[in-house]
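Spelled out, the chains give:
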Amino acid sequence: MSRHDWDTARKLEFLAFSTAAESKAEGQRTYLGLLWWLIDPAVSLVVYYIVFEMVLQRGGPNFVLFLFVGLVPWRWLSASLEQSGPALLNSRALMQLVYVPKALFPLRILASNTIKFLPVFCLVIVIVLASGIPPTRALLFLPYIILVQGMLITGCALCLASIVPLFPDLRLIIGNLMRLWLFLSGVFFDVGILEGKLEQTFRLNPMTIVLEAYRDVLLKGQAPSSAMLPALALGCIFAAIAILVMRRLDFQYPKMV
Amino acid sequence: MTSATHPTESSSSEVIRVSNAGVSYRRRLSWFGNSNRLWALSDVSMSLHQGETLGVIGANGAGKSTLLRLLAGIIQTDRGTITRTNITVSLLSLQVGFIPDLSGRDNAILSGMLLGLRKRGIIARLDEIIEFSELGERILDPIRTYSTGMRARLGFAVALAVDPDVLLIDEVLGVGDADFAQKSRDAMQTRIQSNRTVVLVTHSESLLRSVCDRAILLHRGRTIADGDLDTVLLLYRRSRKKAEQENFAGVVKPDTEQDR
C-alpha cells in the first residue's frame, strides 16, 4: 500500500468506517457515552452561571440560554482541536508499519466529533424553542453557520496536526491556547457591549463572529449581523495550507521520533 | 559488491529496483543545514524479481528495517532512486490500528483497510479470518476482553488475508502459543513458497535456507553483497567473525554509527 493506492474512494470508505467504529467505541468506553456531550456543557453552564450571574452579576435576560448556545458550538471546536492536534504524533507507531495519507488521522477525529456535535446541537435548538423564543425564518441560516464553523475547525485542526510533530511541545500548550481563545470569543458575554476599538479587535476573531451568528439566529430571530464569508475563507485557506504541508512531509512524519 | 551469481535477467520480471539509495533521519530538528543527519541507509542497490524470495541479512543497526520501510513506500529516499512497477507492496504487520473497545470483527475490517484491502474485500474474507484465528463467536466481543494469544491470532489472520503482490517480512513468522505458532509459521511458509514475491529479514539461517533463493548483505547502510544465499551467508559469517575478533582485541570502539 503506497501513496498511489489511496484513491479518494478508499479514503472516504476508511473515514466512514473508522468514524462509525470510533463512535461505537466511545459509546462503550464510558457508561454515559454520548450523554457526556450534554453533561459537560451543562456542568460548565452551572459554573459560569454562578460566576457571572450570581457573583459578578453581569448576566442579563436569558443569560443561561445565551451561555448554552455559545458553549455547545465552542465545545465542538475545542474538543476537535485538542484531540486532533496530537493525532499525527499519536499515530507514529502505525505510520511506521503502513503508508496512510496523514490527513486521515485528524480527519477521522473531526468526523467523529461532528457526529457527536450535531444531535446535541439539535437538542439546543429544542431547548431554545421550548423556552418560549418563537421560531423564525432566520433558523434557515443554521446549516450555513454550522458549515462555516465546520470549515474553520477543519482548517485549524489540520494546521495544528501538521505542525505538532515538528514541535511536539506544542501539544502541551494546546489546552492553554484553547482557554485563551475561549475568553477571547465572547462565549460569556455579548461582544456588542464592548466599545469602539476593543469591539472591532474582538470581531477579528472568527469564532466571535460564528458564536454571535448562532445567537442572532437562535435567540434574536435575525440574520447573522456580521458577514461569515471571511471566517469560511479563513478555514479553507488554513485547510489548504495544512494539506500542502502534509503532502510535503508525507514521508518525513514516519521518521520523526 | 560480490559476484552477482543471479544476474539481472529479463528486466520484465523486475518489480522493484533500488539504486544507490540513501535514507537519513534527523537527530533533532534544526533550522540550519543538514549536519544533523544520520544515514540509516547510505548506499543500497538491489532489485527484486517477480516470484522470488529475497533474504536480507545484516547485523543489528545495518539498516534492514529501514530498507523494508523504503520498499513498502512508507518513507522515501533522500538520495538515489527506487522504482517499482504497478504492484502492491506491504509490510507484514500484526494488529495494525486495533482499537480495544471494538469487536474483533470491526477491528479486522479496520485493520484490513489500513493494510490495503477494500471493505468488501475483507468482508468477503471474514469467514476465513474467523476460521484461521479460531475465534468463533468471540469475534463479536470487544478485543479488550481477548487474551494476548487471541489478539495475536486475529492479527495474524488479518495479515494473512491481505495478500499483497510483494510481501515484506521482518522477523515475525509465528505468533501466539505453541500450537498456533506452528500453524502460523506453516501458513507463512506455504505463502512464501507458493509463487510469491517476498523480502524476508531474519537472523534464522535455517529459515533462510528453507525459503530463500537469493540474499543481500547489509553493512552499516550499504549493500556489500548480493548473490546466492550460500555465498552471502559465508561472507556474513566471515564479517561477523572478524568483528568479534576485533571486539575481543578492543579495537572496535562501541558502535558510534558515524555519519557518512
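What counts and how
Residues numbered from 1 in each chain as written. Chains lettered and ligands numbered in written order. Predicted model: local features only at pLDDT ≥ 70, side-chain atom pairs only at ≥ 80, totals over all residues. Heavy atoms only, no water. Helix = DSSP H or I, 4+ residues; strand = E, 2+ residues; numbered from the N terminus. Rg over C-alpha atoms; globule rule 2.2 N^0.38 Å. Buried < 20%, exposed > 50% of the residue type's maximum accessible area, 1.4 Å probe, protein only. Polar contact = N/O pair within 3.5 Å; in protein donor to acceptor, adjacent residues only side chain to side chain. Contact = heavy atoms within 4.5 Å. Buried area = accessible area lost by both parts, 1.4 Å probe. Salt bridge = Lys/Arg side-chain N within 4 Å of Asp/Glu carboxyl O. Phe/Tyr/Trp six-rings, centres within 6.5 Å; stacked < 30°, edge-to-face > 60°.

(A) Representation of the overall build of chain A in the model. Along chain A, the regular secondary structure elements total 11 helices and 0 strands. N-terminal to C-terminal, the α/β element order of chain A is α-α-α-α-α-α-α-α-α-α-α. A compact globule built from 257 residues would reach a C-alpha radius of gyration of about 18 Å, and chain A, at 19 Å, matches this within 12%. Taken along its principal axes, the extent of the C-alpha atoms in chain A is 60 × 45 × 35 Å.

(B) Representation of the side chain of N107 of chain B in the model. All names here are of chain B. With respect to the helices, strands and loops of the structure, N107 is situated in helix α2 (residues 104-115). On the basis of relative accessibility, which here comes to 0%, the residue N107 falls in the buried class. In this structure the side chain of N107 is engaged in a polar contact, spanning 2.7 Å, whose partner is the backbone nitrogen of I99. With near-sequence residues (within four places) excluded, N107 lies in contact with G97, F98, I99, L102 and I143.

(C) Region of interest: the interface of chain A and chain B. Contacts between chain A and chain B engage 31 residues on the former and 37 residues on the latter. Interface of chain A and chain B: buried area, both sides summed, is about 3,000 Å²; carbon and sulfur atoms make up 60% of it. Applying the counting rule to chain A against chain B returns 2 salt bridges. Two residues, D78 of chain B and K255 of chain A, come together in a salt bridge whose shortest N-O distance is 2.9 Å.

(D) Representation of the packing of aromatic side chains within the structure. Summed over the entire model, instances satisfying the criterion amount to 12 aromatic pairs over all chains. Their ring planes at 90° and their centres at 6.0 Å tell us that W74 of chain A and W181 of chain A sit as a pair that is edge-to-face. Taken together, the residues span a long stretch of sequence, with W74 of chain A in helix α3 (residues 63-84) and W181 of chain A in helix α8 (residues 170-183) at a distance of 107 residues. Considering the side-chain rings of F156 of chain B and F180 of chain B, the 6.2 Å spacing of their centres and the 90° angle between planes classify their relative orientation as edge-to-face. Of the two residues, F156 of chain B is situated in helix α4 (residues 148-162) and F180 of chain B in helix α5 (residues 178-193); the sequence distance between them amounts to 24 residues. Its relative accessible area of 1% is what places F156 of chain B among the buried residues. Look at F180 of chain B and you get buried, because its relative accessible area is 2%.

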